[in-house]
Structures are given as structure tokens and as C-alpha cells.
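If you want the building blocks of each chain, they are given just below.
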Amino acid sequence: MRTYFGKQRSLSAAMLASALLAAAPAMARSLNVEDLSGLRDIGGLAVSASNSALSVSPDGSMVAFQLQVPDVERNTYQLTWLVSSTGAKAQTRAVADGGELMRNRAKFYLAAGYRPPERARWSTDAKSIFYLKLVAGTVNVWRSAVDGGVTEQVTRDDADVIDFNLSEDGKRVLYTVALPRGQSEGELAQEAQRGYLFDDRFIPYSGRVPARRWCGEGRMNAVLLERKCDPEVRVLELDTGRARAASDEERQAMSGDSSSGEPADPLERMKTSAGNGDTAWLQVMDPATATAARPVVRLHAKTGDKVTACAAEQCSGYSSFDIVRWRADGKQLYFSRLDFVGGNVYGLYAWAPRTGTVRTIYETDDKIMDCQPQERQVICLHEGPATPRQLVAIDLQSGRMRVLYDPNPEFRSLRLTRIETLHWQDGFGNPAFGRLIYPNDYVAGRRYPLVVLPYDATGFLRGDTGDEYPAHAFAAAGLMVLCASQPFEIENRSRVPLAKLAEASERNLAHRRSTWTSIERMLDMLDRRGLIDPSRVGMTGLSDGAQQVHFALVNSDRIAAAAVSSVATPAWWYYTDTLRVRKELRQYWGGIPSPQLESYRALSYAWNVQRIRAPLLVNVSDEELDISIQEVAALQDAGKPVEMHVFPDEHHVKWQPRHRINIYRRNLQWFEFWLEGRKASDPVDPEQYARWEKMRGP
């Protein structure tokens, strides 16, 4: 693989060098927290099937993506648009500066802190890419020539662009815009004079002014800088530069709703046709479970007048399927499958409906995502337990995977430790999956302290969900690490409608019990194998993972130390959230917060303060401070070992590079101290060990 620089007009030499780092150092050394916090990412932390980072050119010869590089000195991210060729001799070119970081807005339409993937669109001649760019507080569509030529701003509106697309002929940019800049602030300023109405625009724990406005039945459009219901669709004519209002047809094309002819059913949307008229689709096996979160489905095809159900094991299950494409001659259908029950195995297969044969092209328990099909290969993002994200191509005939672009080549020279893949069951028979990272310089027969990361064991084992717990750095420091994905709750996910899944999981604490019994069983297994010291087990978590820590500390004495990203237990969260969310929480947990309701009591430190023994570290965002105060205050009042640090201008997921590296370091030093009795020579806070010694007592 060769990397080179084209002629640039807008990128500095330093930016290009950082974006296209090519040579790895020769000397191997142990990994440290800086190696993890400095990783360069293709896309952001939120890449998924619905948040794509990759864009393949119309002729299939190139793929465009954004590289995100943490800049600790400036405490932000350097964003660069790159283009890689997809042929046998992969080459990567830096095309344009990506502007300022646009932070993602999550389910509750706050700035959640995720670094979202921004996806480029190609010109029809494959000579330029179009993309959104935030500059000086405004978001517009920009265009850059992929040969290193001109970069220019395309839209120039009085409002920020939310989303955009190109017309089929490539001559127009269709885009949606928010309110004109300043309008929402003006409206709020007027309302402030008479007092804000306390309605569902308020999220008290997040702010003291209305944060949003609803549309219809709770539907809401979250935008980057301002908020507007039913955003306006505009059109820019590329040949003249003239902007105008969109026609009804153009608005419909931009909306992407069912009125445009796109089926509402996600399985129906996967229906695909071959050039010879044959069709293929996924079908729910039991109609009674059609609305379930993850029903059992099977691949079907119609060839001529004959309908065939694929009988092979790979063609059915609770799994996540994607119909990739038909082969050019229409004789084979390529499809992928992610098998949750079988250990998160990703498989790429070819099915010949007329003969019934299924051929395995590629299988792995690594993480494969965001795949973009071509005639002879698929372009995907790949992560392994010890391999950060790479751009790869998988050959549809041979199954060979090759790397098109590795943004972190120096990582290959680091000395990592052994990783063991584990499969087991929770206490209810649900399948569980995890990875065990052995400590540096592991000695057989010695028992080690263990840190449990209970949220996600798929892909690169970086810092668990939210990226605050540096798994490989823990191992490099001599700790054993268990990264555990939450068990696949077969009964709930295969039977309960998606809209009722949270209620079914939370009302009787099924989800909490499933995850905790899974962890307990693995602790027992590791103890029987003589690998861990069961009296020195730590546990971590963000969001749902933090709730799992709450459950463990309240209902068990097996955890010796814990670190979480917030302590938002149901009671405080309930009273500081919106009217709509409070209604949902009453449904989930069976009523308003009360010590008499187990669904609340079993997760609350405040209502179980005498049962809490493990020292607790909290690295909380300022946005989530309010919902953490009750629990921390209760522990402090009871003299329990607890310490909380508050990070300014942060959200549910923390985004600032300086904060991340210090959270990494503090979490590592916390577990070294409490599980091994060791003190670092470079403490995050020079006074921390005096405080921690005082917590530990004589």
C-alpha cells in the first residue's frame, strides 16, 4: 500500500502528514494510554448501519471518508477528507480540511458528545466530493476536487444546513436548513421576558432554558446548531449558483419517508431484484413476532415463478442480515449476517437460489461494518480486538481481505498481550460473549486482579462504550481485563415488540439480572481456572454500563473497586427529565420513584447506602452533574469511599481530547491503587493518593 500527497490548496503540510501517517516505528514497546487516546479514526465513534462513514464513487474506483485526529494541544479534533483507491494497488490522498467538529445529537436531542460520521456525496463524474463543513459557527455544503484541486463553499444561506443530497443528474444540491441564524434565540429572548413555559422543551438536568420544540406526535428534528420542525428544503443549481425553494417532488425525494415509495418495513426495504427479474427478501418466520425487536427471519427468493426458502443455517436466525447485492449474472445473491447468538460472528455468504447451495465467503468474530458493495468486492471498515479501525476490501470470490488504508500503522509495532475469546451463558440460559485480555508479562499459575468492562466486547477493545476505560492500557499495567458484551436476551428480543422492549427489560430488572449473572458466572469460571484473585475485582461503566455497576454494588459484594461515568439512578433522573421521558420511565419501572419499588431500589446507592462497600470513582460531565448529586452526596454523608470529578463543557459521551486522556489515566491509577496497592509516579492529581489513603483508612 502506498500513500502520497497530491497538490493541495487548502491543507497544511502538518495536517497532511498527520492524516496520512505511513511508516511504523521499528522498535516494539508496551502500549500506554497515550497510544489509545491518540488513535486516528475513520468516521467517529457512532459509525453504524444508519450512520455510514464511507462513500464509494459512481465508478467504484474510489472511496471517500473523513479522518478524525485528536489534537490534545488545541483540545479538539483535526478533520480531514481522504480518498482511497479501491484497486489492487491502494493509494490514499488527502483532499480537504473537514472544518470544526460537529458534535452528534442523540436520542434526547442534546449534544451527546459523540463524534458522528460525516458522509460525502460524489459528483456524477467522480471528480469531486461534496460534504458538510462547520466553519466559524456556520454549517454549509462544500465541494473539493479529489485530484487536490480547488475546494470551495457551495451553499451560502442564512440558516445552517442539516442534511443534503445531489440530484440523480448531479446538477442540483438538495438540502434542508434550520431556522435562520439567531431566530430561535430571538424567540427565546422574548419568551424570557414573560417567563419560560415549563413544558417538554425543558430538560432540567441539562439546562435552565427550553432546549427544543416538538413536532406532532413527539417527532422532532434535531439539528446541529438550531432547531426547527419540518425543516425547509432548498435547491442549489450548480451551473448558475442560484438557490431556490424545492418543488414538491424535490421535497419528497429529500424527505425519504414512505410517501416516496420507500417501504416502511425494514425487512421490505431489504428486498432486492436481479437483472433477470429474480427477487430476494427476508421474511419473519413467525408472524406473531413480526414486531419483535429481533424476530427470527429467513432468506427467501423468487426465481421465475418459484419461491424458495434458503434452508442453510446461515440464512436464518435472530441475526442481523443485510442483502449485499446480486452477482452480475443473477445466479448468486451475496448477503451478510451478524450472529448474536453464535458469538457475534460476522459472515459474508453467496446463495444460489436455483440450486440451493450456500457458499461461505468470509467469516470472523472481528467487527465488520459499513460495507459498501461493488461488483467483485465489498468495501468495509474492520476492527479486531487488538486492531484499531481500518479500511478494507473483501473479495466476493476468494474471501480474501486486504487493507486499503490503515490510519494507525505504528500501532502494529506495539507489544500487546494475549487475548482469549470466551463464550458462556448467563443465569437464564442466554448466550454471552466476551474477551479476556491477559496482563503484561503474564505468569501461569499466578492470580491477577481483574477489571470488568461490561458493555461491549466487539471490535477493537479500546475503552468500552463511551471510550473511558483503556482496556489494553489496563493489561499493560499488569491487570487482567474482561470485556463482556451484554447477553442476548432471547425471550425478550425475539418476542417482545421493539416499542415495549425497554419496559420488558427494566420492569422486572431482567436486563440487569441477565448481565450480572453473566458476569458472576464468568468470575466463577476464571476463579476455577486459577486466573484471577476473586477478592480483587473492579468494574466500570458508562450509561447502561454504569447502571449495571449500580446493580452490582447494591446487590453483591463481589466488586472491590468501581469507576463510572455518572451515577444517574432512576429517582433523580426521573425528576430532572422531560414530561415525555417521565411518562416512559413510569411505564418502564412501574410507577414514580419509591424505595418500595424494586426496579428503583435495586439501582440506588442512596436507598442502599449501608450496603455499599467498594470505593467508587465518578468522572462525570457537567451536563450530568445534577443527576449524579443525590447518589454521591448520600455516599459522602455515610462516610463511604467516593470521589467525583466534574468535566466542563461535556455531555453523555465526553468529547474533549484533554479530558479523555486524563480520564484514562485516572481510571488506570484508581484500579492500580485499590486492586494492587500501587501508586503511579505521575499522578493525574498530586493530592489524589493522600485522599485515597484517607478513604482506605488505617
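The structure displayed is predicted, hence computed values, not measured ones. (Residues numbered from 1 in each chain as written. Predicted model: local features only at pLDDT ≥ 70, side-chain atom pairs only at ≥ 80, totals over all residues. Heavy atoms only, no water.)

Looking at the nonpolar core
At step 1: If you look at the biggest cluster of nonpolar residues, it comprises 43 residues, and the most contacted ones within it are Leu436, Leu450, Leu553, Tyr605 and Leu616.
At step 2: Here this core gets 6 residues from one element, more than from any other, and that element is helix H10 (residues 544–555).
At step 3: Once residues within four sequence positions are removed from consideration, leucine 450 is found in contact with Leu436, Met480, Val481, Leu482, Leu523, Leu526, Ile532, Arg536, Val537, Gly538 and Leu675.
At step 4: One finds Leu617, Phe671, Leu675 and Tyr689 within the second-largest nonpolar core, a separate group that totals 35 residues. (Core = buried A, V, L, I, M, F, W, Y, C linked by side-chain atoms within 4.5 Å. Buried < 20%, exposed > 50% of the residue type's maximum accessible area, 1.4 Å probe, protein only. Helix = DSSP H or I, 4+ residues; strand = E, 2+ residues; numbered from the N terminus. Contact = heavy atoms within 4.5 Å.)

Regarding helix H9 (residues 510–528)
For an α-helix, 3.6 residues make a turn, and residues three or four places apart therefore share a direction.
At step 1: Taking 1.5 Å as the rise per residue, H9 with 19 residues should run 27 Å; its terminal C-alpha atoms sit 27 Å apart, in good agreement.
At step 2: For H9, every residue scored as buried is listed here: Ala510, His511, Arg512, Ser514, Thr515, Trp516, Thr517, Ser518, Ile519, Met522, Leu523 and Leu526.
At step 3: A positive phi of about 75° marks glycine 530, the residue just after H9. (Expected span 1.5 Å × (residues − 1).)

Quick look at the pairing of strand E35 (residues 561–564)
At step 1: Along E35, one buried face is formed by Ala561 and Ala563 and the opposite face, lined by Ala562 and Val564, is buried too.
At step 2: Bridge count between strand E34 (residues 532–541) and E35: 4 bridges; the pairing is parallel. If you follow glycine 541 over to E35, its bridge partner there is valine 564.
At step 3: Considered for its hand, the β-α-β crossover made up of E34, H10 and E35 is right-handed.
At step 4: When E35 meets strand E36 (residues 616–621), the two strands line up parallel, connected through 3 bridges. (Pairing = 2+ DSSP bridges. Right-handed = clockwise from strand over helix to strand, strands pointing away.)

Notes on the packing of aromatic side chains
At step 1: Applying the stated criterion across every chain yields a total of 18 aromatic pairs.
At step 2: On the basis of an interplanar angle of 90° and a centroid distance of 5.0 Å, the ring pair of tryptophan 670 and tryptophan 692 is categorised as edge-to-face. With tryptophan 670 in helix H15 (residues 657–676) and tryptophan 692 in helix H16 (residues 688–696), this residue pair connects regions lying 22 residues apart in the sequence. The same class applies to tryptophan 670 as to tryptophan 692, namely buried.
At step 3: Note on phenylalanine 673 and tryptophan 674: the rings are 5.0 Å apart at their centroids and 85° apart in plane angle, and the pair reads as edge-to-face. (Phe/Tyr/Trp six-rings, centres within 6.5 Å; stacked < 30°, edge-to-face > 60°.)

Observations concerning the pattern of salt bridges
At step 1: Using the criterion set out here, one finds 38 salt bridges in the structure.
At step 2: Each of Asp41, Arg462, Asp467 and Arg660 takes part in one network of salt bridges that share partners. (Salt bridge = Lys/Arg side-chain N within 4 Å of Asp/Glu carboxyl O.)

Focus on the pairing of E34
At step 1: Across the 10 residues of E34, 7 count as buried, placing the element largely inside the fold.
At step 2: Where strand E32 (residues 448–453) meets E34, 4 bridges bridge the pair, whose relative direction is parallel. The residue bridging valine 452 from the neighbouring strand is methionine 539, located in E34.

Looking at the state of the cysteines
At step 1: By the definition in use, this model includes 2 disulfides.
At step 2: The partner cysteine of cysteine 310 in its disulfide is cysteine 315, sulfur to sulfur 2.0 Å. One quick way to see it: the torsion about the S-S bond of cysteine 310 and cysteine 315 is about 45°, and its sign makes the bridge right-handed.
At step 3: Exposure remark for cysteine 315: the relative accessible area of 0% places this residue in the buried category.
At step 4: For cysteine 371, the disulfide goes to cysteine 380, at an S-S distance of 2.1 Å. Residues cysteine 371 and cysteine 380 are joined through a disulfide that is right-handed, its torsion about the S-S bond being 115°.
At step 5: We classify cysteine 380 as buried; its relative accessible area is 0%. (Disulfide = S-S within 2.5 Å.)

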